[in-house]
Amino acid sequence: MKRALITGVTGQDGMYLSRLLLSKGYEVYGLVRGQNNPKIDLVREWAPDVTILTGDLLDQSSLLRALNIAKPDEVYNLGAISFVAYSWENAQLTSQVTGLGVLNILEAIRLYSGDDASKVRFYQASSSEMFGRVQEVPQRETTLLWPRSPYGVAKVFGHYMTINYRESYGMHASSGILFNHESPLRGPEFVTRKISLAVARIALGLQESVSLGNIEAKRDWGFAGDYVEAMWRMLQQDHADDYVISTGETYSVQHFLDIAFNHVNISDWEKHVFQDPKFFRPAEVDLLIGDSTKARTTLGWEPQVSFEQLVTMMIDADLEREKRSKA
Ligand code: GDD
């Protein structure tokens, strides 16, 4: 039976990945930060067979302790401060957790592994935010990185540190450059879920409108359930490497709104949507679209859920949830 340790297990990706690994017969350990973290109950409900360990990416001894308990064959580093807008207000903390945290876990794995550098396979959650002011369209593994937020800069640090540990110590360390990926488990601070929740509530007469920032921004949006499959496939390869994971299609926030409101039979959605300067970012990433040819050919991976299916899946889930809480 293989063993895996997931940092960031309480997040959307951690939840989908836990279920995937459990379904493949893994023994799964999830690292959770803080005392009485309220999200632990969510994980227990979603994937009861995950063993919860406490630890923090900022505390290397807690990472070593978790490694000694979990004895993992694979570590998935999904833990991060991941909300881009927040990273301007908390640039140092974001740099420490999202950037230096990667070094802490890599170093803990190196110490834990002793003479056997490839004892533990490592996955780093890199991000398309690293492309920022894009230098090539579509973006691929070799595209020059030009991050536009403290979060993006921290992710670049983690990305290159992962490559450096692979090259310096021969670690089986891979990095997935994941483009935006969403699901009904997405946090409500991210634009897709903010919209799906608002649209469901507007359709049910529970809310009048929603305030957003830049609705011209374009993203390459996929389904999180498809993307965790790519993470797992990366660690099953003989050699570690870096892969772009994306759908290859890009849509604006406005287009997301179109499909979302259309799904609940509201065509004149403009009267329900306002733009508020407080949701605009100091530096925006205008356009992301990824070329995932390498992942498709090497890993045999491809996304299963289309953009329209993703939007409607999120709306339907929020309609259900809102109806239940109303009842
Ligand atoms: N969150 C948010 N809220 N975004 C808004 C809003 C709003 O009210 N209005 C417009 N947007 C725009 C943002 O300016 C951005 O251009 C786009 O919607 C997407 O924003 P987010 O959903 O917050 O995601 P993100 O693209 O900044 O970052 C996500 O994807 C990255 C991968 O590229 C996060 O999941 C990151 O952690 C991830 O690395």
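What counts, and where the lines are drawn
- Residues numbered from 1 in each chain as written.
- Predicted model: local features only at pLDDT ≥ 70, side-chain atom pairs only at ≥ 80, totals over all residues.
- Heavy atoms only, no water.
- Helix = DSSP H or I, 4+ residues; strand = E, 2+ residues; numbered from the N terminus.
- Rg over C-alpha atoms; globule rule 2.2 N^0.38 Å.
- Areas by Shrake-Rupley, 256 points an atom, 1.4 Å probe, with all protein chains shown as cover.
- Lys, Arg positive; Asp, Glu negative; His and termini not counted.
- Charge placed at Lys NZ, Arg CZ, Asp CG, Glu CD.
- Domains from an automatic or database assignment.
- Contact = heavy atoms within 4.5 Å.
- Buried area = accessible area lost by both parts, 1.4 Å probe.
- Phe/Tyr/Trp six-rings, centres within 6.5 Å; stacked < 30°, edge-to-face > 60°.
- Lys NZ or Arg CZ within 6 Å of the ring centre and 35° of its normal.
- Salt bridge = Lys/Arg side-chain N within 4 Å of Asp/Glu carboxyl O.
- Buried < 20%, exposed > 50% of the residue type's maximum accessible area, 1.4 Å probe, protein only.
- Axes fitted to C-alpha atoms, helices over the stretch in contact; angles between N-to-C directions.
- Left-handed = near helix turned anticlockwise from the far one by under 90°.
- Nonpolar A, V, L, I, M, F, W, Y, C, P; charged D, E, K, R; others polar.
- Pairing = 2+ DSSP bridges.
- Right-handed = clockwise from strand over helix to strand, strands pointing away.
- Near = heavy atom within 4 Å.
- Polar contact = N/O pair within 3.5 Å; in protein donor to acceptor, adjacent residues only side chain to side chain.

(A) Highlighting the overall build of the chain. Each helix and strand in the chain was counted, giving eleven helices and 13 strands. Against the compact-globule benchmark of 20 Å for 327 residues, the chain has a radius of gyration of 20 Å, which places it among compact chains. For the chain, the spread of C-alpha atoms along the three principal axes comes to 65 × 45 × 40 Å. By element, 48% of the accessible surface of the chain is carried by carbon and sulfur atoms, the whole surface being about 14400 Å². In the chain, which carries 33 positive and 41 negative side-chain charges, the distance between the mean positions of the two groups comes to 3 Å.

(B) Region of the structure containing the domain arrangement of the chain. Along its sequence, the chain is carved into domain 1 (3-181 + 223-245) and domain 2 (187-219 + 250-288 + 306-326). The straight-line distance from the C-alpha centre of domain 1 to that of domain 2 is 28 Å. Contacts between domain 1 and domain 2 engage 16 residues on the former and twelve residues on the latter. Buried area between domain 1 and domain 2, summed over both chains or domains, comes out near 1300 Å², and the portion from carbon and sulfur atoms is 67%. When residues of domain 1 are sorted by the area they lose upon contact with domain 2, F83, W88 and R148 head the list and together hold 38% of the total.

(C) Structural detail: the environment of T142. Structurally, T142 is set in the loop between β5 (121-127) and α6 (150-169). Spatially, the C-alpha atoms of T142 and L319 are 41 Å apart, while their sequence positions differ by 177 residues.

(D) Representation of the packing of aromatic side chains within the structure. Taken as a whole and judged by the stated rule, the model has twelve aromatic pairs. Linked through ring pairs, W221, Y251, F256 and F307 together constitute an aromatic cluster. Between K194 and the ring centre of F279, over which it is positioned, the NZ or CZ distance is 3.4 Å.

(E) Looking closely at the pattern of salt bridges. One pass over the full model with this rule turns up 16 salt bridges. R166 serves as the salt-bridge partner of D242, at 3.0 Å between the closest nitrogen and oxygen. Highlighted residues: D242 in strand β11 (residues 242-245) and R166 in helix α6, separated in sequence by 76 residues. Exposure remark for D242: the relative accessible area of 9% places this residue in the buried category. Its salt-bridge partner being K294, residue D241 comes within 3.1 Å of it at the nearest N-O pair. Remark: K294 occurs in helix α10 (residues 293-299) and D241 occurs in the loop between α8 (224-235) and β11; sequence separation between them is 53 residues. When salt bridges that share partners are traced, they join E129, R219 and E284 into one network.

(F) Up close: unusual backbone geometry. Cis rather than trans, the peptide bond between V137 and P138 has omega equal to -5°. Checked against the element boundaries, P138 lands in the loop between β5 and α6. We note that N36 has phi near 50°; this positive angle belongs to a residue other than glycine. Tracing the backbone through its elements, the reader meets N36 in the loop between β2 (27-32) and α2 (40-46). Of note in the backbone geometry, N265 takes a positive phi value of approximately 65° without being a glycine.

(G) Looking closely at the packing of helix α1 (residues 12-23) against α8. With their axes 9 Å apart at the nearest point, α1 and α8 run at an angle of 65° to one another. In the packing of α1 onto α8, the handedness of the crossing is right-handed. Of the residues in α8, those touching α1 at Q12, D13, Y16, L17, L20 and L21 are A224, G225, V228, E229, M231 and W232. Residue composition of the contact of α1 with α8, by class: eight nonpolar, two polar and two charged.

(H) Local environment of the sheet that holds β11. A sheet is described by the order of its strands in space; here seven strands give the open sequence β3-β2-β1-β4-β5-β6-β11, paired in parallel fashion. Only two strands of the sheet have a single partner each, and these edge strands are β3 (51-54) and β11. Between one strand axis and the next, the sheet turns through 20° on average, direction left out of account. The pairing of strand β6 (residues 173-178) with β11 spans four bridges and is classified as parallel. Considered in β11, the bridge of I177 is made with V244.

(I) Representation of the pairing of β3. Sheet analysis places β2 next to β3, joined by four bridges and oriented parallel. Bridge pairing in β3 places Y29 opposite T51. Regarding topology, α2 serves as the crossover connection from β2 to the parallel β3, and that connection is right-handed.

(J) Structural detail: the site of the ligand. Surveying the vicinity of the ligand reveals 24 residues, the closest of which are S127, S128, Y151, R281 and E284. At a separation of 2.6 Å, an oxygen atom of the ligand approaches a polar side-chain atom of S127. Contact between the ligand and S128: an oxygen atom at 2.4 Å from a side-chain N or O atom of the residue. Notes on the ligand: free accessible area 720 Å², of which the protein chains cover 96%. When the residues that make up the shell around the ligand are grouped by side-chain class, the tally is eleven nonpolar, six polar and seven charged. Residue contributions to the shell around the ligand reach at least three from each of two domains, namely domain 1 (3-181 + 223-245) and domain 2 (187-219 + 250-288 + 306-326).

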